[in-house]
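An overview of the molecular structure
For reference, the chains in residue letters:
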Amino acid sequence: MKNRICEILGTAKPVVQGPMVWLTDAKLAAAVSNAGGLGSLGPNAGQTTVTRDALETAERMRREIRKLRELTDKPFSVNLLPADDEAADIFTAPMLEVVYEEKVPVVTYVGVIRPKLFRELKDRGIKIIFRSLNPEPAEAAYAEECGADIVVATGFDEGGTLPNMTLGTFSIVPLIVDAVKHVPVMAAGGICDRRAFNAALALGAEGVYCGTAFLMSRESRMAENVKQAVLRSNAKDLRLFRTMPAYYRSLPGALAEKLVAMDRAGASNAELGKVMGGFANLRKGMLEGDMDGGYVSVGNGISFIHEIKTAAEIVSDLTADYR
């Protein structure tokens, strides 16, 4: 039987590399796409400096897309992160202009559903992978109704911004699978080896969406000292704390320990979020390797990562039993 995700995306294997903000670039995305999966560019892909200028952010993405196209002729995606407040969202419109002008084939759409934007993307023939930050069956059904081609079911085992509901990946996947009628579902959260891939398919998902697994690739921009720390760790070592909007987890470090202590002392999510420092301290911890001044957000799947491999080897290992 043909795999619907592969048919929709034009890939050989149903594996999508998550668009991990600062930690993606043309090299990593191209390596995943060349291996038969779908590589993705996050909003600060390939960057080392901060800009708050929306036009400059979009033009940086244009340059990264063009670098990627020099490395692969395979499909890839660009991340869209529409803000909850559409009137105050200055980044989405210029990013869309680049997506359209550069003829990007797929978008990884994360966040609030805007039906008009879904229709605009569909009218241009762009495939939509929809990932909710807080997956709910009703929202998955609505995303399908609005035109999503693929829906991602993300469990609490993931790295990055964790869902409000503390449901593990293998609890949320069947809920989302049962909620949609005509589109395939991808599983996300803690999927780093073939066992997790096989389990996701057994629960009704038709592919996997992986972040942490590819952070540990040779092509990944994540700092080498952080990669080595991950290799020495497992899920039991991760520190979980509340923040905005809900939860985060991190490898141990001075900032992470401070956040855990604040949480236990009853600090509010807003207070914790301010100290956490958003994506700036993610960049400091994971891209620059300052594990005390920043934080290192990875998923529970680190328990199954024992060596640094190429992106192609990771795609191959995930899908070793897939036919």
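Right, let's walk through the structure included here. (Residues numbered from 1 in each chain as written. Predicted model: local features only at pLDDT ≥ 70, side-chain atom pairs only at ≥ 80, totals over all residues. Heavy atoms only, no water.)

**Some details on the sheet that holds strand 4 (residues 106-110)**
An order of 1-8-7-6-5-4-3-2 is seen for the eight strands of this open sheet, with the pairing classed as parallel. Here the strands that pair on one side only, and so sit at the sheet edges, are strand 1 (15-17) and strand 2 (39-41). Within the sheet, the average angular offset between the axes of one strand and its neighbour, ignoring direction, is 25°. Its contacts with the sheet place helix 2 (residues 26-34) against strand 1, strand 2 and strand 3 (76-80), and it is angled at close to 155° to strand 2. (Pairing = 2+ DSSP bridges. Helix = DSSP H or I, 4+ residues; strand = E, 2+ residues; numbered from the N terminus. Axes fitted to C-alpha atoms, helices over the stretch in contact; angles between N-to-C directions. Contact = heavy atoms within 4.5 Å.)

**What about a nonpolar patch on the surface?**
Taken together, the side chains of Met165, Leu167 and Leu175 make up a nonpolar region of the molecular surface, amounting to roughly 220 Å² of accessible area. Positionally, Leu167 belongs in the loop between strand 6 (150-154) and helix 7 (169-179). (Patch = residues over 30% accessible without salt bridge, like charges linked within 9 Å, V, L, I, M, F, W, Y side chains within 5 Å. Areas by Shrake-Rupley, 256 points an atom, 1.4 Å probe, with all protein chains shown as cover. Salt bridge = Lys/Arg side-chain N within 4 Å of Asp/Glu carboxyl O.)

**Notes on the pattern of salt bridges**
With the rule as written, the count across this model stands at 18 salt bridges. Put simply, Lys67 and Glu64 hold a salt bridge, and the shortest N to O gap is 3.7 Å. Separated by three residues within a single helix, Lys67 and Glu64 lie in helix 3 (residues 54-71), roughly one turn from each other. According to the relative accessible area criterion, Glu64 is buried, its value standing at 4%. Asp193 serves as the salt-bridge partner of Arg195, at 2.8 Å between the closest nitrogen and oxygen. You can call Arg195 exposed: its relative accessible area is 56%. Take Asp193: its relative accessible area is 14%, and that puts it in the buried class. (Buried < 20%, exposed > 50% of the residue type's maximum accessible area, 1.4 Å probe, protein only.)

**Quick word on the pairing of strand 10 (residues 247-250)**
As judged from the four bridges shared by strand 9 (residues 239-242) and strand 10, these two strands associate in the antiparallel manner. Its bridge partner lying in strand 10, Arg242 is registered against Tyr247.

**A look at helix 5 (residues 115-123)**
Residues Leu117, Phe118 and Leu121 constitute the buried set of helix 5. End-on, the buried residues of helix 5 take up no more than an arc of 105°, which puts them together on one face. Residues of helix 5 that are exposed and point more than 90 degrees away from the buried face comprise Lys116 and Asp123. Buried-residue contacts for helix 5 involve strand 3, helix 4 (92-101), strand 4, strand 5 (127-131) and helix 6 (137-146). Within two residues after helix 5, Gly125 carries a phi angle of roughly 75°, on the positive side. (Arc of directions from axis to C-beta.)

**A look at the nonpolar core**
In this structure, Leu121, Phe214, Leu251 and Val298 are the most contacted members of the largest nonpolar core, which totals 90 residues. Top element by residues in this core is helix 2. It accounts for six residues. Contact partners of Leu251, with chain neighbours within four places excluded, come to Ala229, Val230, Ser233, Leu238, Ala256, Met291, Val296, Val298 and Ile302. Among the nonpolar cores identified, the runner-up in size contains 12 residues, and Leu38, Val106, Ile129 and Val152 belong to it. (Core = buried A, V, L, I, M, F, W, Y, C linked by side-chain atoms within 4.5 Å.)

**Concerning the packing of aromatic side chains**
Evaluated as defined, the whole model comprises six aromatic pairs. Measuring from centroid to centroid gives 5.6 Å for Tyr248 and Tyr295, while their planes differ by 80°, and the two rings are edge-to-face. Residue Tyr248 is located in strand 10, and its partner Tyr295 is located in the loop between helix 13 (278-287) and helix 14 (311-318); the two are separated by 47 residues in the primary sequence. Tyr295 matches Tyr248 in its accessibility class, with the two residues each being buried. (Phe/Tyr/Trp six-rings, centres within 6.5 Å; stacked < 30°, edge-to-face > 60°.)

**Things to note about the side chain of Arg62**
When you line up the elements, Arg62 lands in helix 3. Arg62 gets classed as buried once you look at its relative accessible area, which sits at 11%. Polar contacts involving the side chain of Arg62 include one to the side chain of Glu101, which spans 2.8 Å. In this structure, Arg62 is in contact with Val98, Glu101 and Glu102, ignoring residues within four places of it in sequence. (Polar contact = N/O pair within 3.5 Å; in protein donor to acceptor, adjacent residues only side chain to side chain.)

**Examining the environment of Ala30**
By the element assignment, Ala30 lies in helix 2. Sequence separation of Ala30 and Asn164 is 134 residues, and the distance between their C-alpha atoms is 32 Å. Residues contacting Ala30, with those up to four places away along its chain left out, are Leu68, Leu71 and Thr72.

**Some thoughts on the pairing of strand 3**
Counting buried positions along strand 3 yields five of five residues, so the element is predominantly enclosed. Side-chain alternation along strand 3 places Phe76, Val78 and Leu80 on one buried face and Ser77 and Asn79 on a second face that is also buried. Direction of pairing for strand 2 relative to strand 3: parallel, over a ladder of three bridges. Opposite Ser40, over in strand 3, you have Ser77 as the bridge partner. In this region the chain leaves strand 2, passes through helix 3 and returns to the parallel neighbour strand 3; the handedness of that crossover is right-handed. As judged from the four bridges shared by strand 3 and strand 4, these two strands associate in the parallel manner. Residue Leu80 lies in a different strand from strand 4, and its bridge partner there is Tyr109. For the segment spanning strand 3, helix 4 and strand 4, crossover handedness is right-handed. (Right-handed = clockwise from strand over helix to strand, strands pointing away.)

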